[in-house]
Amino acid sequence: MEERVQKILAQWGIASRREAEEMIRRSRVQINGVTAHLGQKVDPEKDTIAVDSQPVSAQLRPPLIYLLLHKPAGVVSTCDDPQGRKTVLDLLPPELRQGSGLHPVGRLDAQSTGALILTNDGNLTFGLTHPRHRIPKTYQVLVKGHPPEAVLEMWREGVVLGGKKTLPATVNFIGTIAKNSHLEIVLKEGRNRQIRRVAEQLGYPVIKLHRTAIGLIQLRRPNLPLLHEGKYRSLNDAEVRFLQKQIKHLPVKD
């Protein structure tokens, strides 16, 4: 059965669909010895697929891996960076960086810190980054100034960004720190730099942004030490089941 090349590479754990598309754009993928093009369909039962001239297949797929990383500031949420910046994969040991197909699920911008999932499960990545996906993500945010309750209520109800209103959000005032305010924000969508853009638009720009949890997956688990910045851990079985349950009813299509 024919499928798009990027979907097959994701299913085999070679890369996320986004990363696979970038590999195709960079002419790193070959089909039967010929450079692949974006959107090309192949039959994995009949066609030979290679990445960087090395054949890949479902049989060569590495074991599925699910990690939680505490991303530091200054590290980008990609597998490689044309500007030469440090990536989240650079924080992993060589045996996980090379040949495992690990990639970040979604992104935190370079200056933001906190919880980021890494996996080589392409179907899970596709589901968790699907527009219909609504897994809540919790952030601790330091903003400049002291937004009044009326402004926080506007944030909760949704703000128009790029011509489209954001989904309702949970925005709680935690306290003040000198001339700044500490907020806890829970989002059920992940538009590009959403918290920073909304805060700027409302007149209270972000100073620090830190993600503490993705659903029930937390940097600090009950009765266990905090996962320190730059470190990672494997997700436990309950956490993996939670993620798989979130995408169970989403359409898995190109």
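The structure we're discussing is the one just above.
Worth saying up front: this structure is predicted, and the values here are computed from it rather than measured.

Peer 1: Can you tell me about the nonpolar core, naming the residues and giving the values?
Peer 2: In terms of nonpolar packing, the biggest core is built from 21 residues, with Val141, Trp155, Ile185 and Ile195 touching the most fellow members. Elements with a minimum of two residues in this core: strand S10 (137-144), helix H5 (149-157), strand S14 (180-187), helix H6 (194-202) and strand S15 (206-214). At 4 residues, the largest contribution of residues to this core is made by H6. For valine 141, the contacting residues outside a window of four places in its chain are Ser181, His182, Leu183, Ile185, Ile195, Val206, Lys208 and Leu209. Counting residues in each nonpolar core, the second largest holds 17 residues, with Ile117, Ile214, Leu243 and Ile247 among its members.

Peer 1: For the side chain of threonine 78, give the residues involved together with the corresponding values.
Peer 2: With respect to the helices and strands, threonine 78 occurs in the loop between strand S7 (66-71) and helix H3 (94-97). Looking at threonine 78, its side chain comes within polar contact range of the main-chain oxygen of aspartate 80, at 3.0 Å. In this structure, threonine 78 is in contact with Glu19, Thr87, Val88, Leu89, Pro104 and Arg107, ignoring residues within four places of it in sequence.

Peer 1: Go over the pattern of salt bridges, please, and point to the residues and values.
Peer 2: On inspection of all chains with the given rule, the structure shows 11 salt bridges. Of the charged contacts, one joins glutamate 3 and lysine 7 as a salt bridge, the two residues approaching to 3.5 Å between their closest N and O atoms. On the basis of relative accessibility, which here comes to 18%, the residue glutamate 3 falls in the buried class. Taken together, the salt bridges that share partners define one network made up of Glu22, Arg25, Arg26 and Asp80.

Definitions and limits used
Residues numbered from 1 in each chain as written. Predicted model: local features only at pLDDT ≥ 70, side-chain atom pairs only at ≥ 80, totals over all residues. Heavy atoms only, no water. Core = buried A, V, L, I, M, F, W, Y, C linked by side-chain atoms within 4.5 Å. Buried < 20%, exposed > 50% of the residue type's maximum accessible area, 1.4 Å probe, protein only. Helix = DSSP H or I, 4+ residues; strand = E, 2+ residues; numbered from the N terminus. Contact = heavy atoms within 4.5 Å. Polar contact = N/O pair within 3.5 Å; in protein donor to acceptor, adjacent residues only side chain to side chain. Salt bridge = Lys/Arg side-chain N within 4 Å of Asp/Glu carboxyl O.

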